[in-house]
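These are the residues of each chain, in order.
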Amino acid sequence: MKLLWELFFSFFQIGLFSIGGGYAAIPLIQNQIVDIHGWLTLNEFSDLVTIAEMTPGAIALNASTFVGTRIAGFPGAILATAGCVAPALIIVSALAWMYYRFRSISVIKDVLQSLRPAVVAMIASAGLSILILSLWDGKGFSTNIGDLNVLSLLLFVGAFVVLRKWKTNPILTMLVCGVIGTLYYNLF
Amino acid sequence: MGTKKERLSRLWALFCSVLYLNTFTFGGGFVIISLMKKKFVDEKRWIEEDEMLDLAAIAQSSPGSIAINSSILVGYKVGGAAGTIVAVLATVLPPLIILTAISFFYEAFRDNRWIAGMLKGMQACVAAIVLEVACSMGMNFVAEKQIRSCVVMAAAFAAVFFLEVNVIYVIVICIVLGIAHSAVPLLRQRSKQKKGGERREP
């Protein structure tokens, strides 16, 4: 029982203090799980990060389930997940309420209007980072054509054109690319 | 908000959409934002494009992961408090189920070549999805000739992508700019009024 409470509280802190999500949360998760509680070794933790990247969903949520299951079975997974979600549920619900109540005030309108293009820029930046990761296999941008992953380039261009011109279902498009990828890398 | 039956069917549709997106979303928070834009703005028309960008800004600058925060916001918009709960459940379930299953044989999963090849193929498409959404939204600012927005967009992109500035700082700067933009004309007006009043006194 004490263990379940500790799990909940640990992930509550992760949920509360990880602003910006994703990779920003990793050091925080490591601090709670490896350094403070010793629930995973550093090796297990790096496996966790790899798996979190390979599976859908937020890294913090994946970590909650993975650690919770290992420490206290399925109830552990539920409690850790609940802890992870609780701070956002309180804070973001309050912000949602405030947004819909106050967004027509002129100062707030101006603030939102200058935030929107910045958000588009952040989305573009995130997309380009993923593209570089994909085209150069995580080795970073280089001008050497030999380093370029040609299949990734073809899939990217194909997917982009198809999404833009025919507005295909994004998830279906992604799965088709996944099937082409796995066939190519394992059969040729 | 319509009858009880309509509300329930809307909540059910919300649950299914969020569950579907979270089951198939690989990569960081902006991937889910891009997919939500396609689903809730373009397809379902539950949310307007500007509104989606506002929600993304709030999700990014609040504590917690973007996937959870954006679900809470979208859920609140679509179905109030009940919508929030439904959307959070749909966000939490996929990782809970998938990771529980994987934690029993995670070494086999991690080292599987078929899965690795599949993820490599999907990664290229994820980049295409996110960049396509960014393009179509960015083009709107250009097409509408919103010069201020275009300048902010270019500057924010340079800061985040090339200078690797933390996005939180970019958000704070934009908030300050927005306040300044609405405060400056007000202050100017007020000082004019003051001067006018002083002149009339003697």
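Residues numbered from 1 in each chain as written. Chains lettered and ligands numbered in written order. Predicted model: local features only at pLDDT ≥ 70, side-chain atom pairs only at ≥ 80, totals over all residues.

A. Seen up close, the overall build of chain A. If you tally the helices and strands in chain A, you get seven helices and zero strands. Counting from the amino terminus, helix and strand elements in chain A follow one another as α-α-α-α-α-α-α. In terms of overall dimensions, chain A is more spread out than a globule: its C-alpha atoms have a radius of gyration of 21 Å, far above the 16 Å expected for 188 residues. Its C-alpha atoms put chain A at 55 × 55 × 30 Å along the principal axes. Buried residues in chain A amount to 46% of all 188 residues. (Helix = DSSP H or I, 4+ residues; strand = E, 2+ residues; numbered from the N terminus. Rg over C-alpha atoms; globule rule 2.2 N^0.38 Å. Buried ≥ 20, exposed ≤ 12 C-beta atoms within 10 Å, placed from the backbone.)

B. Quick look at the domain arrangement of chain A. On domain assignment, one finds that chain A holds domain 1 (2-102) and domain 2 (106-187). Computed from C-alpha atoms alone, the centre-to-centre distance between domain 1 of chain A and domain 2 of chain A is 27 Å. (Domains from an automatic or database assignment.)

C. Molecular detail of the interface of chain A and chain B. With 82 residues of chain A at the contact, the number on the chain B side is 87 residues. Taken together, the elements giving at least two residues each to the side of chain A that touches chain B come down to α1 (2-17), α3 (42-54), α4 (59-102), α5 (106-135), α6 (150-166) and α7 (170-187) of chain A. Residues belonging to the side of chain A that touches chain B are distributed by class as follows: 52 nonpolar, 25 polar and five charged. (Contact = placed C-beta atoms within 7 Å. Nonpolar A, V, L, I, M, F, W, Y, C, P; charged D, E, K, R; others polar.)

D. Geometry of the domain arrangement of chain B. Residues and elements named next belong to chain B. Once the domains are mapped, chain B shows domain 1 (4-145) and domain 2 (146-202). Each partner contributes residues to the interface: domain 1 has eight residues there, and domain 2 has eight residues. Counting residues per element, the ones that place at least two in the side of domain 1 that touches domain 2 are α3 (49-61) and α6 (113-143).

E. Quick look at α7(A). Between the first and last C-alpha of α7(A) there are 26 Å, a value that for 18 residues agrees with the 26 Å anticipated at 1.5 Å per step. Here α7(A) has its buried residues at A:P170, A:T173, A:M174, A:C177, A:G178, A:I180, A:G181 and A:T182. In this structure, the buried side of α7(A) is in contact with α6 of chain A together with α1 (4-24), α2 (29-43) and α6 of chain B. (Expected span 1.5 Å × (residues − 1).)

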